[in-house]
Amino acid sequence: MIFVNLNAEIVIVTLPLFFSPVMSELLVWVATVAYLVIIVTMIVAVLSENRNPLKALGWVTALILFPIGGAVLYMVFGRSMRNVRMISRRNRRRLLNSSPRPQLLKPGRGLSDENKRCMMLGYSLAEAIVYPDNRVEIFNSGEKMFDSLISDISAARHYINLQFYIIANDPLGRRMADALMERARAGVKIRVIYDYVGSWGDKSMSLFNRMRAEGIEVHSFFRIQLSEKLSRLNWRNHRKALIIDGRVGYIGGMNVAQRYIDGGKNFKAWRDLAVRVEGQAVISLQHNFAIDWKFMGYDLLTDELTESVGDVSPAREGEIGGVSAQIISSGPTDRWGNSQMLFLRAITGARRRIYIQTPYFLPSETLQAALQCASLSGVDVRVMVPRRSDSAVLTHASASFVEESLLAGIKVYLYGGGMLHSKMMLVDNDFVTIGSTNFDYRSFEHNFEENIIMYSREVNQRVAQLFRLDQEQSEQIKLSEWNRRPRALKVRESLCRLLSPIL
């Protein structure tokens, strides 16, 4: 029954008596059926992925007990997007045909059989060519690295392509932007990729708008918006790389932020690693940038791949020559999970030592077992993490993995010299990887990452020396002392560990 007021008169409209109860019952029934169909469909989707049984059971339980929240979380965090092409096969062929790509380097030069396998695995996973005879310089100081990077930017003549997870509007960010804008006014073509979440905020946007006003192409890899596919909301482009004229490249773990120079307000220093590379390995950096650029919907960059990279500058103090290098890209669209697979191959092939630096130590079950197996079989396994990271939750989650590591004989060090942000793994005498990949779920499952692998005894020795210097500022954890932690702290760590797959 509906009452309508027309010209101050009340008109009573009587609807059929059966409408309200019958229709309400019908609507409830339809909604219930639709709801059950959606939940059952999602459960079937989880089971059909044939993933780890415990992980699948966890998602099924969440969908049954918390249908709405579980469904949203699954769509954002749970869906497997493996084997999704970032660019079409035709465009990939165009890139490959545009690149001066030699045959896959025949492993040799005294390298171990295990690292020869790593070379082949990198090629099988990511079509990553091993380029010989590169010159590399290792930086563990943000000040020195960015002085070098900005100096190279100022010397650019043709193009600059760069991507960083964070480009902050602070003294360092503005200094780099000024160098880029000066080159843009000189006619150099410049492209910039940043991560929308990493560089969140109006301050960074104003810096990007200044660069755009000078003709620099500046774009975010993703924007967080409702029109975006839910499965992509948890993706991050965590790569840090720069290519100048196809001649000089940078890759590592440093973002463009002042805290890498002066430590910022929360830490007295930020320790990180980066690599400057000259030689044909720069081709791979440019190739990976071109894929990201096309994935974002812009033109396929093929012309720059054909430019010569043979005209290198005179040798610099501190450079190491004759380095065989391989650039490995990884992301949530990989069929196999490139970074995790390569780390696993290197760890299982270790015969003497494994050194790892990472800001967050949240290994998958497979990688944790591999490290434990290596240590128990006599390999010297050392893991260095910050005493306190830039995330309290991640600090606690990382701590939950310490006891089981110590029980297997793994040496765990807490770095006390500031915020340890290095992402490095060194194996035996001739394998080192440095890049953006943290030793955690997010980097292996949800982030687009990029690492350089250097097959070189001299590079290995240099990085091992840097690790030992950091070890002097670290405290080695003893199992007896670690077990005396307050029970409340252990509970907090265990709770944070539950969140580790989505952190």
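Preceding this paragraph is the structure being described.
This one's a predicted model, so the numbers in the text were calculated from it and none came from an experiment. (Residues numbered from 1 in each chain as written. Predicted model: local features only at pLDDT ≥ 70, side-chain atom pairs only at ≥ 80, totals over all residues. Heavy atoms only, no water.)

### So, the pattern of salt bridges
All told, the structure shown has 20 salt bridges when counted by the stated rule. Residue R185 pairs with E214 through a salt bridge whose shortest N-O separation is 3.2 Å. Here E214 lies in the loop between α8 (202–213) and β6 (217–220) and R185 lies in helix α7 (residues 171–185), a separation of 29 residues in the sequence. For R185, a relative accessible area of 54% puts it in the exposed group. We note a salt bridge from R387 to E475, for which the minimum N-O separation is 2.6 Å. One end of the pair, R387, is in the loop between β15 (380–386) and α13 (392–399); the other, E475, is in strand β22 (residues 474–476), with 88 residues separating them in the sequence. Its relative accessible area of 35% is what places E475 among the partly exposed residues. Among the charged side chains, a salt-bridge network with shared partners connects R135, D152, R247, R276, E278 and E319. (Salt bridge = Lys/Arg side-chain N within 4 Å of Asp/Glu carboxyl O. Helix = DSSP H or I, 4+ residues; strand = E, 2+ residues; numbered from the N terminus. Buried < 20%, exposed > 50% of the residue type's maximum accessible area, 1.4 Å probe, protein only.)

### Digging into the side chain of K240
Here K240 is to be found in the loop between β7 (236–237) and β8 (241–244). It turns out K240 is buried and unbridged, and the closest side chain with the opposite charge, E449, is 5.4 Å from it. In terms of polar contacts, K240 uses its side chain to reach the side chain of H238, at 3.1 Å. (Lys, Arg positive; Asp, Glu negative; His and termini not counted. Polar contact = N/O pair within 3.5 Å; in protein donor to acceptor, adjacent residues only side chain to side chain.)

### As for the packing of α13 against helix α18 (residues 487–498)
Interaxial distance between α13 and α18 falls to 7 Å at its minimum, and their mutual angle equals 100°. Between α13 and α18, the crossing angle belongs to the class labelled roughly perpendicular. Touching V393, H396, A397 and A399 of α13 are L489, R492, E493, C496 and R497, all from α18. Of the residues contributing to the contact of α13 with α18, the split by class is five nonpolar, one polar and three charged. (Axes fitted to C-alpha atoms, helices over the stretch in contact; angles between N-to-C directions. Parallel < 35°, antiparallel > 145°, perpendicular 65-115°, else oblique. Contact = heavy atoms within 4.5 Å. Nonpolar A, V, L, I, M, F, W, Y, C, P; charged D, E, K, R; others polar.)

### Here's the deal with the environment of H396
As for its placement among the helices and strands, H396 is situated in helix α13. Taking relative accessible area as the criterion, H396 reaches 17% and is therefore assigned buried. Separated by 101 residues in the primary sequence, H396 and R497 place their C-alpha atoms 7.6 Å from one another. Non-local contacts of H396, meaning those with residues more than four positions away in its chain, are made with L489, R492, E493 and C496.

### Comments concerning unusual backbone geometry
Phi is positive for D245, which is not a glycine, with a value near 55°. Mapped onto the elements, D245 comes out in the loop between β8 and β9 (248–252). Judged by its relative accessible area of 9%, D245 is buried. Of note, the phi angle at D428 is positive, near 50°, even though the residue is not glycine. A residue is classified by how much of its surface remains accessible, and D428, at 11% relative accessible area, is buried.

### Details of the packing of aromatic side chains
Evaluation of the coordinates by the stated rule reveals 15 aromatic pairs. Here the aromatic rings of Y194 and F208 are separated by 4.0 Å at their centres, their planes lie at 25°, and the arrangement is stacked. Placement of the pair is Y194 in strand β5 (residues 189–194) and F208 in helix α8, with a sequence separation of 14 residues. As far as burial versus exposure is concerned, Y194 and F208 are alike and both buried. On the basis of an interplanar angle of 45° and a centroid distance of 6.2 Å, the ring pair of F295 and F448 is categorised as tilted. Of this pair, F295 sits in helix α10 (residues 281–295) while F448 sits in strand β21 (residues 447–455); the two residues are 153 residues apart in sequence, bridging distant segments of the chain. Grouping residues by exposure puts F295 and F448 together as buried. One aromatic cluster is present, built from ring pairs that chain together F343, F361, F401, F439 and F444. The ring centre of W293 lies 5.9 Å from the NZ or CZ of R191, which sits over that ring. (Phe/Tyr/Trp six-rings, centres within 6.5 Å; stacked < 30°, edge-to-face > 60°. Lys NZ or Arg CZ within 6 Å of the ring centre and 35° of its normal.)

### What about the nonpolar core?
Within the largest apolar cluster, 89 residues are counted, with the highest numbers of intra-cluster contacts made by I160, I167, L180, I354, M425 and F439. Of the residues forming this core, the biggest block, seven residues, is contributed by α7. Not counting residues within four places of it along the chain, the set of residues in contact with L180 comprises I153, I160, L162, I190, V192, M211 and I216. With 46 residues, the next largest nonpolar core counts V136, A241, M296 and V459 among its residues. (Core = buried A, V, L, I, M, F, W, Y, C linked by side-chain atoms within 4.5 Å.)

### Quick look at the pairing of strand β16 (residues 411–415)
The element β16 is extensively covered by neighbouring structure, given that four of its five residues are classed as buried. Looking at chain direction, β15 and β16 are connected through five bridges and run parallel. In the sheet register, M384 faces β16, and the bridge partner there is Y413. (Pairing = 2+ DSSP bridges.)

### Some remarks on the packing of helix α5 (residues 113–126) against helix α11 (residues 338–348)
Interhelical geometry of α5 versus α11 gives an angle of 165° and a closest axis separation of 10 Å. As far as their axial angle goes, α11 and α5 are roughly antiparallel. Judged by the sense of rotation from one axis to the other, the crossing of α5 with α11 is right-handed. Listed contacts from α11 to R117, C118, L121, G122, L125 and A126 of α5 are N338, M341, L342, R345 and A346. Here the contact of α5 with α11 is composed, by residue class, of seven nonpolar, two polar and two charged. (Left-handed = near helix turned anticlockwise from the far one by under 90°.)

### With respect to the pairing of strand β13 (residues 353–357)
Burial within β13 is extensive, with five of its five residues counted as buried. Of the two faces of β13, the one carrying R353, Y355 and Q357 and the one carrying I354 and I356 are both buried. Examined bridge by bridge, β13 and β15 share five bridges and lie parallel to one another. Bridge pairing in β15 places R353 opposite D380. Alignment of β13 against strand β18 (residues 424–427), held across four bridges, turns out to be antiparallel. Residue pairing in the sheet places Y355 in a bridge with L426 of β18.

Don't take any of this as a statement about function, it's just geometry.
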